[in-house]
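Structural overview for review
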Amino acid sequence: MSTKVIAACIQTNAAPEVETNLERMEPMIRAARERGAQLIALPENSTLLTSGREKLFARVKGETGNPAIDFFSRMARETGAWILVGSMAINVGHERLANRSYLFNPEGQPVAHYDKIHMFDADLGNNESYRESANYRGGDRAVVADTPWGKIGLTICYDLRFPHLHRALAKAGANIIAVPAAFTVPTGKLHWHVLLRARAIETGCFVIAPAQCGTPEGGRTTYGHSLIIAPSGEIMAEAGDEPAIITAELDLNKVTEARNMLPSLKHDCEFQRPR
């Protein structure tokens, strides 16, 4: 197993058309690979951000014959990189979609997928309200995926606020945790950096967090500021407010060092819950 990997986060401003987003992402994926990236991560809603249930469902396909899945498979084969599609909407029937991550190996095979567990149903004030569960159904399975650099734990956006999920991924062997997101600006300014750094410190994992930026169709302004964070909580690379590519070399020996210094993953105690 290799102990070092160059990771890239691609930050995008997603359009309401799948084809447009794929066209925009191709040169960014190739540019990340040219910078040496072996693991390239894309944000939540990589293929589509639109408003309105009718338009959303009209543009989302199932897995079979899905042009976006074919595109990412081809990109992995042609670049020789591992590609993490932070998430894309997948029609799974039952009047609900799945918000699903895919990890492709350099042969173009989807070696793992993860359905976002925690739905973003929140009222942020100033008439800003979200009901992800109106269109999506939550997943029920945590996922770690094997790579040449160890295991990657998969999460999506609002999952960030549930530390027990990240702890479970670390205890299952993850040394990298992916947190692709389309964070809102109000919560991003307040919580994005501190929560991601906390998840890295608590788990002793590297955290890679590719994000959406800008204002897509429908007026929901996304925060950007994609991050790559070390197990110590140090920010290794950060994007700004515009589409961008960030990279950093992850030395997986740092995971062992952090966990030996503070072995909290081994120190769970049973206790009586409050009544």
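Okay, so let's go over this structure. Keep in mind that what you see is a predicted model, and the values were worked out from it rather than measured.

1. What about the pairing of strand β11 (residues 206-209)?
- Alternating residues of β11 divide into Phe-206 and Ile-208 and Val-207 and Ala-209, and every residue in both groups is buried.
- Here strand β10 (residues 174-178) runs beside β11; their pairing, made up of three bridges, is parallel. Within β11, the residue paired with Ile-176 across the bridge is Phe-206.
- Following the backbone out of β10, through helix α5 (residues 185-203) and into the adjacent parallel β11, one traces a crossover that is right-handed.
- The sheet contact formed by β11 and strand β14 (residues 227-229) spans three bridges and is antiparallel. Considered in β14, the bridge of Ala-209 is made with Leu-227.

2. Observations regarding the side chain of His-118
- By secondary structure assignment, the location of His-118 is in the loop between β5 (110-115) and β6 (121-125).
- There is a polar contact of 2.7 Å between the side chain of His-118 and the side chain of Asp-159.
- Setting aside anything within four residues of it in sequence, one finds His-118 in contact with Glu-132, Tyr-158, Asp-159, Phe-162, His-164 and Leu-165.

Conventions used here
- Residues numbered from 1 in each chain as written.
- Predicted model: local features only at pLDDT ≥ 70, side-chain atom pairs only at ≥ 80, totals over all residues.
- Heavy atoms only, no water.
- Buried < 20%, exposed > 50% of the residue type's maximum accessible area, 1.4 Å probe, protein only.
- Helix = DSSP H or I, 4+ residues; strand = E, 2+ residues; numbered from the N terminus.
- Pairing = 2+ DSSP bridges.
- Right-handed = clockwise from strand over helix to strand, strands pointing away.
- Polar contact = N/O pair within 3.5 Å; in protein donor to acceptor, adjacent residues only side chain to side chain.
- Contact = heavy atoms within 4.5 Å.

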